[in-house]
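# Structure assessment
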Amino acid sequence: MKEKKDKKKQLVKKTLIGGQALMEGVLMRGRTAEAMAVRTPDGGIALQTRRLSSKGGRYRCIPILRGVVSFVVSLVSGMKSLFASAKVSGEEEETPGGGAMFFAAFVGVLLAVGLFILLPSFLTSLIEKAVALSPLVSGLIEGGIRIVLFIGYLLLVSCLKDIRRTFMYHGAEHRTINCYEKGLDMTVENVQKCSTRHNRCGTTFLFLVVIISILTFALTNWLLSLTGLEIMGNAFVKMGVRLALLPIVAGVSYEVLRFLAWLPDNWFVNALRAPGLALQRLTTYPPDDSMAEVALKSFLAVLEMDENPDVKEVKFFERPFEELKKELTEKLAAAGKDAKDFDCILADILSLKRGQLFKVTKLSADDCRKLTNCVRRRASGEPLDYVLGHTEFFGVDLKVGRGVLCPRPETELLVEKAVEYLNGRNLKTLDLCTGSGCIAAALKSRGANVFASDIDDAALKTARENLTKLGVEVIKSDMLDGVGGGYELIVSNPPYIKSKDLASLSEEVKNEPLVALDGGEDGLDFYLKIADGLKGVLANGGALFMEIGYDIGESAAEIFRPLFESVRLEKDYSDLDRFLICTGYVGGEKKEIGE
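Residues numbered from 1 in each chain as written. Predicted model: local features only at pLDDT ≥ 70, side-chain atom pairs only at ≥ 80, totals over all residues. Heavy atoms only, no water.

### Quick look at the nonpolar core
Ile490, Leu534 and Phe560 are the most contacted members of the largest nonpolar core, which has 38 residues in total. Ignoring any residue separated from it by four or fewer positions in sequence, one finds Leu534 in contact with Leu480, Ile490, Leu544, Phe560, Leu563, Phe564 and Tyr585. (Core = buried A, V, L, I, M, F, W, Y, C linked by side-chain atoms within 4.5 Å. Buried < 20%, exposed > 50% of the residue type's maximum accessible area, 1.4 Å probe, protein only. Contact = heavy atoms within 4.5 Å.)

Structure follows, in structure tokens:
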């Protein structure tokens, strides 16, 4: 047993592995390789590894310089890894682009400079105006303010849910490294027994940066004051001096951290380490088992690559196409979805027709990620149109998404009937309760003079994206109130499902906005509103074409029979009452339709 532990300790000295918490993941870096493991939205773990370049390693032998270079390299690499993990762990439509992420990072750096350098300097200058201070004391006060701001900042951000989860992954990273350095078997159970604090933590490094910067800036203030030059009173000079000294501060902090980690455990060394370890309480939290599993996967991947130079690099989601296809189609089948949905998603991602998919033999890592994420969403019950983000309706490609109903074949049949009624006539037409704008877009594609209206802001946003480019005016209105008048044809697919039937809808339909489905207790609420609002909106002799629930046909027809010369029910593809066709409106101003 003792020999096994001694052997493990020797290996630890050879293989020093560090890490970084990511968004829903952990990065581990060894001597020759690094690995990122990230928890994906479907509960799996995505892994990416890469070999580290052996070039430019001479700087590692030069004290101070190696700390500066390591800090800059780690900062750049860490930000890239953080962005990559956000892309893998987040929903496709919720993930910002690379440009937005780097802009956010740039703003973050500016805020950090302002908060931890400019603000302490400004507050100290206010104190100096009230109380005469020596340059050395002034520098120490400024440093004290910096410490308070630093600790306050950590306390504040740790209250944010996403940041706290990242700090939990930070804890998983530490526990995994501690487990290895203790010589324990690398299992989730053993990892969870270890401490969330570690001597080589970046939090301790930042604490050392703050402390050493206090001493360095205070000493610099004092030394410059001895020259007799009145330069330190200039805010720009003070800022320039601090920025110029930052690399040195980072380099010295690195050497101190390295030295403290190297020293053997005893009461004196532990006392020196104590402040940094205490501060880690704010940036590391106990992880759950799933987080420990992610950290362990990343660590073992790095360990394997350090020990075996023949191990190949892997990229996120990069897998043999046939293997991935089999897994994803089985996932869809297990969720009760049609296998053809896989083809639809793949064709959309690759901008191919389904008949061309036989040519596909491999996918890029990015396409694999998109495909995996889309299939996961589809298997969870999200409508295919939402997953794709668009759909074809009556030959028109439309954007769709959460907030609007997915256009259905029955509604295409309603459009066919409206087009037949128009028969090329340029009648003023209204698409009432437009939703995605599908009816208006279809009628416009057939040359109709069409307007569209809705009350829901999400629906109006989607409708405008689909219709404005087609030259269709989109109106915000509460049913017919506010749409104007003189319409010769109104086409509508209003909510018509009885409230008591909403609970029995399929899980897929429940993903759609129920407000666009709920027609009230008897399914007739919106038909009554339409009937009450027609006067002054629909021209005398005009027509009203509506989609209805299969079980409310006669009740709906009775509402409109007093208002039209002809009211008839027509059936859908399943031979169910689905459409109410009303022609010859008798309640409006006298006008010959089409004049």
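### A word on unusual backbone geometry
We note that Asn423 has phi near 50°; this positive angle belongs to a residue other than glycine. Here Asn423 shows up in the loop between helix H15 (409-422) and strand E7 (428-432). With a relative accessible area of 65%, Asn423 lands in the exposed category. We note that Cys433 has phi near 60°; this positive angle belongs to a residue other than glycine. Assignment of secondary structure puts Cys433 in the loop between E7 and helix H16 (438-445). (Helix = DSSP H or I, 4+ residues; strand = E, 2+ residues; numbered from the N terminus.)

### So, a nonpolar patch on the surface
Taken together, the side chains of Phe71, Val72, Leu75 and Val76 make up a nonpolar region of the molecular surface, amounting to roughly 330 Å² of accessible area. Topologically, Val72 is positioned in helix H2 (residues 65-89). (Patch = residues over 30% accessible without salt bridge, like charges linked within 9 Å, V, L, I, M, F, W, Y side chains within 5 Å. Areas by Shrake-Rupley, 256 points an atom, 1.4 Å probe, with all protein chains shown as cover. Salt bridge = Lys/Arg side-chain N within 4 Å of Asp/Glu carboxyl O.)

### Concerning the sheet that holds strand E13 (residues 577-585)
An order of E9-E8-E7-E10-E11-E13-E12 is seen for the seven strands of this open sheet, with the pairing classed as mixed. Only two strands of the sheet have a single neighbouring strand rather than two, namely strand E9 (473-476) and strand E12 (564-571). For this sheet, the mean angle separating the axes of adjacent strands, direction not counted, is 20°. Running over the sheet, H15 touches E7, strand E10 (487-492), strand E11 (538-547), E12 and E13 and is turned about 155° from E11. (Pairing = 2+ DSSP bridges. Axes fitted to C-alpha atoms, helices over the stretch in contact; angles between N-to-C directions.)

### Description of empty space enclosed by the protein
Evaluation of the coordinates by the stated rule reveals three cavities of 30 Å³ or more. Computed from the structure, the largest cavity encloses a volume of approximately 70 Å³. Looking at the largest cavity, the residues that line it are Thr40, Pro41, Asp42, Lys87, Val88, Gly90, Phe317, Arg369, Thr372, Asn373 and Arg376. Elements with a contribution of two residues or more to the lining of the largest cavity: H2 and helix H13 (365-379). For the lining of the largest cavity, the residue count by class is three nonpolar, four polar and four charged. For the second largest cavity, the calculated volume is near 50 Å³. Surrounding the second largest cavity, His198, Asn199, Thr204, Leu257, Leu260, Ala261, Arg273, Leu277 and Gln280 form its lining. (1 Å grid on protein atoms, 1.4 Å probe; cavity = no way out; pocket = protein on both sides within 12 Å on 5 of 7 lines; lining within 4 Å. Points joined across faces, edges and corners; volume = space filled by probe spheres on them. Nonpolar A, V, L, I, M, F, W, Y, C, P; charged D, E, K, R; others polar.)

### A few points about the packing of helix H5 (residues 161-181) against helix H10 (residues 289-307)
Closest axis-to-axis distance for the H5/H10 pair is 8 Å, and the angle between their directions is 50°. Considering the angle they form, H5 stands oblique to H10. Here H5 and H10 pass one another in a crossing that is right-handed. On H10, the residues that touch Arg165, Met168, Tyr169, Ala172, Glu173, Thr176, Ile177 and Tyr180 of H5 are Met291, Ala292, Val294, Ala295, Leu296, Phe299 and Leu303. Residue composition of the contact of H5 with H10, grouped by class: 12 nonpolar, one polar and two charged. (Parallel < 35°, antiparallel > 145°, perpendicular 65-115°, else oblique. Left-handed = near helix turned anticlockwise from the far one by under 90°.)

### A closer look at the pattern of salt bridges
Summed over the entire model, instances satisfying the criterion amount to 27 salt bridges. Asp551 is paired through a salt bridge with Lys498; the nearest N and O atoms lie 3.6 Å apart. Of this pair, Asp551 sits in the loop between E11 and helix H20 (553-560) while Lys498 sits in the loop between E10 and helix H18 (507-510), and the two are 53 residues apart along the sequence. The partly exposed category is assigned to Asp551, whose relative accessible area is 35%. Among the ionic pairs, Lys510 bridges to Glu507, the shortest N-O distance being 3.7 Å. Here Glu507 and Lys510 lie together in helix H18, a separation of three residues that amounts to about one turn. Connected through shared salt-bridge partners, Lys87, Asp366, Arg369 and Lys370 make up one network.

### Structural notes on the layout of surface pockets
By volume, the second largest pocket amounts to about 1000 Å³. Surrounding the second largest pocket, 47 residues form its lining, Leu405, Pro494, Pro495, Ala516 and Leu517 being those nearest its centre. Among the elements of the structure, H15, H16, strand E8 (449-454) and helix H19 (525-533) are those that each provide at least two residues to the lining of the second largest pocket. Counted by class, the lining of the second largest pocket contains 24 nonpolar, 11 polar and 12 charged residues.

### Some points on the packing of aromatic side chains
Counted according to the given criterion, the structure contains six aromatic pairs. Note on Phe451 and Tyr487: the rings are 5.8 Å apart at their centroids and 80° apart in plane angle, and the pair reads as edge-to-face. One end of the pair, Phe451, is in strand E8; the other, Tyr487, is in strand E10, and 36 residues separate them in sequence. Look at Tyr487 and you get buried, because its relative accessible area is 1%. By way of ring pairs, the aromatic residues Phe560, Phe564 and Tyr585 are connected into one cluster. Its guanidinium or amino end placed over the ring of Tyr285, Arg164 lies 4.2 Å from that ring's centre, counting from NZ or CZ. The side chain of Lys529 reaches across the aromatic face of Phe526, ending 4.9 Å from its centre. (Phe/Tyr/Trp six-rings, centres within 6.5 Å; stacked < 30°, edge-to-face > 60°. Lys NZ or Arg CZ within 6 Å of the ring centre and 35° of its normal.)

In short, geometric facts, not functional conclusions.
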